[in-house]
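# Structural features, examined
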Amino acid sequence: MSRAEEAARRAELAAAQERGESQRAQLLIDAFVRDAQARGLAPEPLRATLFTGQSVKTDKVGWYLRKNQSLAIGQDGGYYVLTVPGGFRERFTGVRLMRSPPPLIVGKGGRDGESGSLSDFLAWRLAAG
């Protein structure tokens, strides 16, 4: 097997592992949305932060996962990163959020206190009400 073939094989295995992780994470998110709705936790309109620092409205409602409101779970079961590109126009029109593949470990590689298990973040959000 050539180096290029080996590298392609490793990339393929890594992508497959990431897809499997996202599928398991999505099961946790789906359970969270059901539990939140059963407990009567009302979703709120989500806001995003542009790379320039301005807060803008979005087209989604849901529940924030982090206190700094940089991640959220949408009422539609989507996992949303709320730091987005944009400029002058987005400050007035808002942004359309795109789903991100959910990880099992939120903030992997981040500083202490900023990363952890997705299940822990979801449990914290349910407990916070």
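In this report, we go over the structure that sits alongside the text. As the structure is a prediction and not an experimental result, all values here were calculated from the model.

### Here's the deal with the pairing of strand β1 (residues 44-50)
The sheet contact formed by β1 and strand β2 (residues 55-64) spans five bridges and is antiparallel. The partner of Pro45 across the bridge, within β2, is Val61. The turn joining β1 and β2, which pair antiparallel and follow one another in sequence, is formed by four residues; a positive phi near 105° is taken by Gly53.

### Points about the sheet that holds β2
Two strands in a sheet stick together by hydrogen bonds in their backbones, pointing the same way (parallel) or opposite ways (antiparallel). Spatially, five strands are ordered β4-β3-β2-β1-β5 in an open sheet, and the strand pairing comes out mixed. Edge strands, defined here as strands with exactly one partner in the open sheet, are β4 (79-81) and β5 (83-84). Sheet analysis places strand β3 (residues 71-74) next to β4, joined by three bridges and oriented antiparallel. By the bridge assignment, Ile73 is partnered in β4 with Tyr79.

### Focus on the packing of aromatic side chains
According to the stated counting rule, one finds two aromatic pairs in the structure shown. Ring centres 5.5 Å apart and planes at 90° place the aromatic pair Phe32 and Trp63 in the edge-to-face group. Residue Phe32 is found in helix α1 (residues 3-38), and its partner Trp63 is found in strand β2; the two are separated by 31 residues along the sequence. Take Phe32 and Trp63: they sit in the same class, and that class is buried. With a centroid separation of 5.0 Å and an interplanar angle of 65°, the aromatic rings of Phe88 and Phe92 are classed as edge-to-face. Placement of the pair is Phe88 and Phe92 together in helix α2 (residues 88-93), with a separation of four residues, close to one helical turn.

### Let's talk about the nonpolar core
Phe32, Leu65, Ile73, Tyr79 and Leu118 are the most contacted members of the largest nonpolar core, which totals 16 residues. Those elements that provide at least two residues to this core are α1, β3 and α3 (118-128). With five residues, the top contributor of residues to this core is α1. Aside from chain neighbours lying at most four places away, what touches Phe32 is Trp63, Ile73, Leu122, Arg125 and Leu126. If you look at the next biggest cluster of nonpolar residues, it comprises eleven residues, including Ala72, Tyr80, Leu82 and Leu97.

### Quick look at α1
With 36 residues, α1 extends 53 Å from end C-alpha to end C-alpha; this agrees with the ideal 52 Å at 1.5 Å per step. Buried residues of α1: Gly20, Glu21, Ser22, Ala25, Gln26, Ile29, Phe32, Val33 and Ala36, and no others. Buried residues along α1 sit against β2, β3, β4, β6 (105-106) and α3. Looking at the residues trailing α1, positive phi occurs at Gly40, about 80°.

About the thresholds
- Residues numbered from 1 in each chain as written.
- Predicted model: local features only at pLDDT ≥ 70, side-chain atom pairs only at ≥ 80, totals over all residues.
- Heavy atoms only, no water.
- Pairing = 2+ DSSP bridges.
- Helix = DSSP H or I, 4+ residues; strand = E, 2+ residues; numbered from the N terminus.
- Phe/Tyr/Trp six-rings, centres within 6.5 Å; stacked < 30°, edge-to-face > 60°.
- Buried < 20%, exposed > 50% of the residue type's maximum accessible area, 1.4 Å probe, protein only.
- Core = buried A, V, L, I, M, F, W, Y, C linked by side-chain atoms within 4.5 Å.
- Contact = heavy atoms within 4.5 Å.
- Expected span 1.5 Å × (residues − 1).

In short, geometric facts, not functional conclusions.
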